[in-house]
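Fold and contact review
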Amino acid sequence: EASEPAPLDISVDYDAAARLAFEASPDAGDDFEEYKEWYYALTSAAVGLKHKKSMAADEAAAAAAEEKARVAAEKKAAEEAEAAAEQMRLEEEIAEMALRTRMRAEEEARAAEKARLQAEEEARAA
């Protein structure tokens, strides 16, 4: 009967990265523990800096998005105000046309009444 293969251990030592850097560095010296402290301090500082840059980039992107939204809102408000002003202008124009039409109709009615009265007077005089 075939036996199951032994499980493969793929774990990595916590200090593996520091040890690889120590072994690859010609300036590392002989004390791994001292080098490891320096390596972790340097690595932590690099990660912290990268995080700060990432946060700054996120804040800049958020500020840019906020500015874009503000500009879009201002543009929309300006367009709505312009449309409202145009609507008001058109309504005033329509009201003015209606007034002129009514005044013309009243003038024509007065002229017709005057002509009717004149015709009656001429008929009585004849």
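A quick note: this is a predicted structure, and the numbers were derived from the prediction, not measured.

It is worth spelling out the packing of aromatic side chains at this point. All told, the structure shown has six aromatic pairs when counted by the stated rule. Aromatic pair Tyr-39 and Tyr-40: ring centres 5.8 Å apart, planes at 65°, arrangement edge-to-face. When its relative accessible area of 18% is taken as the criterion, Tyr-39 is described as buried. Members of the aromatic cluster, connected to one another through ring pairs, are Tyr-14, Phe-22, Phe-32, Tyr-35, Trp-38, Tyr-39 and Tyr-40. The residue whose ring lies beneath Arg-19 is Phe-32, and the NZ or CZ to ring-centre distance is 3.9 Å.

Right, let's get into helix 2 (residues 32–125). Taking 1.5 Å of rise per residue, the 94 residues of helix 2 would be expected to cover 140 Å, and the 137 Å separating its terminal C-alpha atoms lies within 8% of that figure. Within the span of helix 2, buried status applies to Phe-32, Tyr-35, Lys-36 and Tyr-39. At its buried positions, helix 2 is contacted by helix 1 (16–24). Its side-chain oxygen at 3.2 Å from the backbone nitrogen of Glu-33, Asp-31 defines the N-terminal cap of helix 2.

Cut-offs used in this document
Residues numbered from 1 in each chain as written. Predicted model: local features only at pLDDT ≥ 70, side-chain atom pairs only at ≥ 80, totals over all residues. Heavy atoms only, no water. Phe/Tyr/Trp six-rings, centres within 6.5 Å; stacked < 30°, edge-to-face > 60°. Buried < 20%, exposed > 50% of the residue type's maximum accessible area, 1.4 Å probe, protein only. Lys NZ or Arg CZ within 6 Å of the ring centre and 35° of its normal. Helix = DSSP H or I, 4+ residues; strand = E, 2+ residues; numbered from the N terminus. Expected span 1.5 Å × (residues − 1). Contact = heavy atoms within 4.5 Å. Polar contact = N/O pair within 3.5 Å; in protein donor to acceptor, adjacent residues only side chain to side chain.

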